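Here is what each chain is made of, one letter per residue.
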Amino acid sequence: MDRKELEAKVCELVAISYKQDPSAVTVETSFKDDLKGASVQMVALVAEIENELEAAVTLQEASACETVGDLVDLVEEEM
C-alpha cells in the first residue's frame, strides 16, 4: 500500500469512527479542533486500524496525534 492509499484508508476509518462525511476528512483534519471526538471514538478508530491495516497502534500513541496526517505517519511506521 502506497502513501496515498494509506492516507485515503485512514481518512475513511476516521470518518466512520467519528461519524463524519468522508469527503470532509483530510490529512489536515484536527482531532481536537475539527472532530471534537470523545475517547470512545478513538478507541473504535484504533480497533479499526488494527483490523483493517494490521498495524499495532496503541490508544496512547493515537491519542497523541493532533491531525489525521500525524495518525497516518504513525500507522505507516507500524506497518
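Basis of the calculations
- Residues numbered from 1 in each chain as written.
- Predicted model: local features only at pLDDT ≥ 70, side-chain atom pairs only at ≥ 80, totals over all residues.
- Heavy atoms only, no water.
- Axes fitted to C-alpha atoms, helices over the stretch in contact; angles between N-to-C directions.
- Helix = DSSP H or I, 4+ residues; strand = E, 2+ residues; numbered from the N terminus.
- Parallel < 35°, antiparallel > 145°, perpendicular 65-115°, else oblique.
- Left-handed = near helix turned anticlockwise from the far one by under 90°.
- Contact = heavy atoms within 4.5 Å.
- Nonpolar A, V, L, I, M, F, W, Y, C, P; charged D, E, K, R; others polar.
- Core = buried A, V, L, I, M, F, W, Y, C linked by side-chain atoms within 4.5 Å.
- Buried < 20%, exposed > 50% of the residue type's maximum accessible area, 1.4 Å probe, protein only.

What follows covers the packing of helix 1 (residues 3-17) against helix 5 (residues 68-78). At a minimum axis separation of 10 Å, helix 1 and helix 5 run at an interaxial angle of 120°. Classed by the angle they form, the pair helix 1 and helix 5 counts as oblique. Judged by the sense of rotation from one axis to the other, the crossing of helix 1 with helix 5 is right-handed. Packed against helix 1, whose contacting residues are Arg3, Leu6, Glu7, Val10, Cys11 and Val14, the element helix 5 presents Val68, Gly69, Leu71, Val72, Asp73, Val75 and Glu76 at the interface. Here the residues of the contact of helix 1 with helix 5 sort into 8 nonpolar, 1 polar and 4 charged.

Helix 3 (residues 39-53) packs onto helix 1 with a crossing angle of 140° between their chain directions and a minimal axis gap of 9 Å. For the element pair helix 1 / helix 3, the angle class is oblique. Every pair of crossing elements has a handedness; the one defined by helix 1 and helix 3 is right-handed. Of the residues in helix 3, those touching helix 1 at Leu6, Lys9, Val10, Leu13, Val14 and Ser17 are Gln41, Ala44, Leu45, Glu48, Ile49, Glu52 and Leu53. Residues belonging to the contact of helix 1 with helix 3 are distributed by class as follows: 8 nonpolar, 2 polar and 3 charged.

Quick look at the side chain of Ser17 now. Here Ser17 is to be found in helix 1. With residues up to four places along the chain from it excluded, the contact list for Ser17 reads Gln41, Ala44, Leu45 and Glu48.

The next subject is the nonpolar core. Core analysis: the largest hydrophobic core is formed by 24 residues, its most contacted members being Val10, Val14, Phe31, Leu45, Ile49, Leu71 and Val75. Secondary structure elements with two or more residues in this core: helix 1, helix 2 (31-35), helix 3 and helix 5. The greatest single-element share of this core, amounting to 6 residues, is contributed by helix 1. Not counting the four nearest positions on each side in its chain, Val75 is found in contact with Leu6, Val10, Ile49, Leu53, Ala55 and Val57.

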